[in-house]
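# Understanding the architecture of this molecule
Given next are the chains, with one letter for each unit.
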Amino acid sequence: MARTVLEVRSLEAGYEPGVPIVRGASIRVEEGEIVVVLGPNGAGKSSFIKAIAGLVPVSGGSVTLDGQDITGAPAHRMVRLGLAFVPQTENVFPLMSVEDNLKVAGGVLPKREVAPRIEEMYRLFPDLRERRTTPAGNLSGGQRQMVAVARALMVRPKLLVLDEPSAGLSPKFVSMVFQMLTDVRKAGVTILLVEQNAKAALAIGDRAYVLVEGRDAHEGVASELWNDPVVAELYLGHRASPAQGGESR
Ligand SMILES: Nc1ncnc2c1ncn2[C@@H]1O[C@H](COP(=O)(O)OP(=O)(O)OP(=O)(O)O)[C@@H](O)[C@H]1O
Ligand SMILES: [Mg+2]
């Protein structure tokens, strides 16, 4: 049986005491999976994964990473605990070269492990090797997301958590980012992903949750959720189309 990497139970979190934004959300991520969190604007998706990553105060429920209770641990401890969070914006140092971005991210590794790990990142992301001396801020949006992900992976996290990695990118770079995430998963990384781009995210995901008003309203196999008529119409903004190979229920 697959190992459970992340188990979130009835999480409650918010920015002000007594005003919960995340209201009892539960999810599970198994080793090697890509799990997607979808939901309408303002559903609390970002707040939910930020609470998991220690960036929003937790007022109830629990977060367990690889069997260890990490509920409410501060963000700066999460890297050592094995959880790497890639925020939606400002996720690279724009004035620093690609290589320096990776070096800084590897700061918690023993010194002799940094250069070999950077080499592994270049093998996984050959584009970055070519741009190693380029300031990260001068890269395309897609390549910048690659740097952000490579930075997160420097420390070999047990779980990679991303908030809308395709946001604001042109279609060409959107597909580049989703291809990159499938490559990262192939390299053995377990991924939890929040996305607006439901179709593309469900295409690469194994399972998905739909978050509505801070709660998990639906859970399912990624490919089936896209074709679920209720989910499609209410939360994903399209009509399920059985004619295109989906199941009708
Ligand atoms: N820093 C903050 N301080 C106070 N309230 C916030 C903060 N960030 C978000 N909120 C509130 O939390 C609620 C959920 O926002 P959140 O950004 O988590 O939703 P989301 O599902 O990620 O939305 P989107 O699809 O637009 O990214 C919103 O009502 C928002 O106003
Ligand atoms: Mg958000």
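These lines cover the structure that appears in this document, whether it is placed above or below. (Residues numbered from 1 in each chain as written. Chains lettered and ligands numbered in written order. Predicted model: local features only at pLDDT ≥ 70, side-chain atom pairs only at ≥ 80, totals over all residues. Heavy atoms only, no water.)

## Some details on the pairing of strand S10 (residues 215–221)
Of the pairings in the sheet, the one linking strand S9 (residues 207–212) to S10 comprises six bridges and is antiparallel in character. Residue pairing across strands places Ala208 opposite Gly220, the latter belonging to S10. (Pairing = 2+ DSSP bridges. Helix = DSSP H or I, 4+ residues; strand = E, 2+ residues; numbered from the N terminus.)

## Section: the sheet that holds strand S2 (residues 22–30)
Paired through their backbone hydrogen bonds, the strands of a sheet run either parallel or antiparallel. Ordered by their spatial adjacency, four strands build an open sheet running S2-S1-S4-S5, and the pairing between neighbours is antiparallel. Here the strands that pair on one side only, and so sit at the sheet edges, are S2 and strand S5 (68–69). Each of strand S1 (4–13), S2 and strand S4 (58–65) is contacted by helix H1 (residues 45–52), which is oriented at about 115 degrees to S1, the strand it contacts most. (Contact = heavy atoms within 4.5 Å. Axes fitted to C-alpha atoms, helices over the stretch in contact; angles between N-to-C directions.)

## Some details on the site of ligand 1
Close contacts around ligand 1 come from Tyr15, Ile21, Pro40, Asn41, Gly42, Ala43, Gly44, Lys45, Ser46, Ser47, Glu164 and Gln196, and that covers them all. Contacts to ligand 1 include Ala43, whose backbone N or O atom sits 3.2 Å from an oxygen atom. Here an oxygen atom of ligand 1 and a side-chain polar atom of Ser46 are 2.9 Å apart. Within the complex, 56% of the 630 Å² of free accessible area of ligand 1 lies under protein. In terms of residue class, the shell around ligand 1 is built from four nonpolar, six polar and two charged. (Near = heavy atom within 4 Å. Polar contact = N/O pair within 3.5 Å; in protein donor to acceptor, adjacent residues only side chain to side chain. Areas by Shrake-Rupley, 256 points an atom, 1.4 Å probe, with all protein chains shown as cover. Nonpolar A, V, L, I, M, F, W, Y, C, P; charged D, E, K, R; others polar.)

## Description of the pattern of salt bridges
Following the criterion strictly, the structure yields 15 salt bridges and no others. Here Asp66 ties to Arg3 by a salt bridge, and the two come within 2.9 Å at their closest N and O atoms. Residue Asp66 is found in the loop between S4 and S5, and its partner Arg3 is found in the segment before S1; the two are separated by 63 residues along the sequence. Close ionic contact of Arg9 with Glu7 constitutes a salt bridge, the shortest N to O distance being 3.8 Å. Members of the salt-bridge network, linked through shared partners, are Arg28, Glu30, Glu33, Arg207 and Glu219. (Salt bridge = Lys/Arg side-chain N within 4 Å of Asp/Glu carboxyl O.)

## A closer look at the packing of helix H3 (residues 98–105) against helix H6 (residues 141–153)
At their nearest, the axes of H3 and H6 sit 8 Å apart, and the two run at 25 degrees to each other. Taken together, the axis directions place H3 and H6 in an arrangement best described as roughly parallel. Once H3 is placed against H6, the crossing between them reads as right-handed. Packed against H3, whose contacting residues are Val98, Asn101, Leu102, Val104 and Ala105, the element H6 presents Val147, Ala150 and Arg151 at the interface. Each residue belonging to the contact of H3 with H6 can be placed in one class, and the counts come to six nonpolar, one polar and one charged. (Parallel < 35°, antiparallel > 145°, perpendicular 65-115°, else oblique. Left-handed = near helix turned anticlockwise from the far one by under 90°.)

## Digging into empty space enclosed by the protein
Taken as a whole, this structure holds one cavity of 30 Å³ or more when the rule is applied. Put simply, the largest cavity is a space of about 40 Å³. Taken together, Val86, Pro87, Gln88, Asn91, Gln145, Val149, Leu162, Asp163, Pro165 and Met180 form the lining of the largest cavity. Secondary structure elements with two or more residues in the lining of the largest cavity: H6 and strand S7 (159–163). Split by residue class, the lining of the largest cavity holds six nonpolar, three polar and one charged. (1 Å grid on protein atoms, 1.4 Å probe; cavity = no way out; pocket = protein on both sides within 12 Å on 5 of 7 lines; lining within 4 Å. Points joined across faces, edges and corners; volume = space filled by probe spheres on them.)

## Here's the deal with the environment of Gly14
Here Gly14 is to be found in the loop between S1 and S2. For Gly14 and Val56, which are 42 residues apart along the polypeptide, the C-alpha to C-alpha distance reads 6.4 Å.

## Digging into the layout of surface pockets
Put simply, the largest pocket is a space of about 500 Å³. Forming the walls of the largest pocket are 21 residues, and the residues nearest its centre are Val79, Ala84, Phe85, Pro87 and Arg151. Of all the elements in the fold, those that place two or more residues in the lining of the largest pocket are helix H2 (75–81), strand S6 (83–86) and H6. Considered class by class, the residues forming the lining of the largest pocket number 17 nonpolar, two polar and two charged.

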